Amino acid sequence: MKFKSTIILILFFNILSVKTLYSENNYSGFSFTLSTGPSYITGFYKDFLTGGSSTGFNTYYNFPFFISNTYFNSGLFYNHYFMALSSDSILSQYDIFGGFGIFYSLLSFLDI
């Protein structure tokens, strides 16, 4: 049930932000995002780890290089999970990333 609720929220926010996919230049300069929330374990490690939390920080910089909607992206994420067999142990994960992307609209007629 929690997974379905999460998917519904993601789809809802993507529907609201469909104008950002429009092929005009919607961004200039830096955009920052913060995220936090629960993190769930599935698969083989589900018996060894309990749910934890995730926290992240992203930056986007619009850089009109090839077309107007190109950008650079970088960020930092931290996830931690509790060990099921030992309440004193925590599995921590740090992620640092960077990249390049292009916004392109497949459905440019949707100008919401």
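Residues numbered from 1 in each chain as written. Predicted model: local features only at pLDDT ≥ 70, side-chain atom pairs only at ≥ 80, totals over all residues. Heavy atoms only, no water.

A description of the overall build of the protein chain should follow, citing residues and the corresponding values.
Secondary structure summary: the protein chain contains 1 helix and 4 strands in total. If you list the helices and strands of the protein chain from N to C, you get α-β-β-β-β. Here the protein chain holds 112 residues, and the buried ones make up 18% of them. Counting only contacts in the protein chain whose residues sit at least 6 apart along the sequence, the fraction spanning at least 24 positions is 51%. Of the roughly 8600 Å² that the protein chain leaves accessible, carbon and sulfur atoms contribute 67%. (Helix = DSSP H or I, 4+ residues; strand = E, 2+ residues; numbered from the N terminus. Buried < 20%, exposed > 50% of the residue type's maximum accessible area, 1.4 Å probe, protein only. Contact = heavy atoms within 4.5 Å. Areas by Shrake-Rupley, 256 points an atom, 1.4 Å probe, with all protein chains shown as cover.)

Give me the side chain of serine 39: which residues, what numbers.
Here serine 39 shows up in strand β1 (residues 30-39). A polar atom in the side chain of serine 39 sits 2.9 Å from the side chain of tyrosine 81. What serine 39 contacts, discounting residues up to four positions off in sequence, is Gly51, Gly52, Ser53, Ser54 and Tyr81. (Polar contact = N/O pair within 3.5 Å; in protein donor to acceptor, adjacent residues only side chain to side chain.)

With reference to specific residues and values, describe the pairing of strand β3 (residues 70-83).
Sheet topology note: the strand β2 (residues 49-62)/β3 ladder contains 12 bridges and is antiparallel. Paired with tyrosine 61 across the bridge in β3 is phenylalanine 72. Both β3 and strand β4 (residues 90-102) contribute to a ladder of 13 bridges, which runs antiparallel. Counterpart to tyrosine 78 in the pairing with β4 is tyrosine 94. (Pairing = 2+ DSSP bridges.)

Account for the environment of tyrosine 94, naming residues and giving values.
Within the secondary structure, tyrosine 94 is located in strand β4. With 40 residues separating them in the primary sequence, tyrosine 94 and serine 54 have C-alpha atoms 10.0 Å apart. Apart from residues no more than four positions distant in its own chain, tyrosine 94 is found in contact with Phe77 and Tyr78.

Tell me about the sheet that holds β4, and please be specific about residues and values.
The antiparallel open sheet is built from 4 strands, whose spatial order is β1-β2-β3-β4. Strands at the two margins of the open sheet, each flanked by one partner only, are β1 and β4. Direction aside, neighbouring strands of the sheet carry axes that sit 10° apart on average. (Axes fitted to C-alpha atoms, helices over the stretch in contact; angles between N-to-C directions.)

How would you explain a nonpolar patch on the surface if you had to name every residue and give the values?
Together, Phe30, Phe32, Leu34, Phe57, Tyr61, Phe63, Phe72, Phe100 and Ile102 make up an exposed nonpolar region whose accessible area comes to about 940 Å². Listed by contribution, the elements that provide at least two residues to the nonpolar patch are β1, β2 and β4. Broken down by element, the nonpolar patch gets its largest block of residues, 3 residues, from β1. Inspection of the secondary structure assignment puts phenylalanine 72 in strand β3. Judged by relative accessible area, which is 39%, phenylalanine 72 ranks as partly exposed. (Patch = residues over 30% accessible without salt bridge, like charges linked within 9 Å, V, L, I, M, F, W, Y side chains within 5 Å. Salt bridge = Lys/Arg side-chain N within 4 Å of Asp/Glu carboxyl O.)

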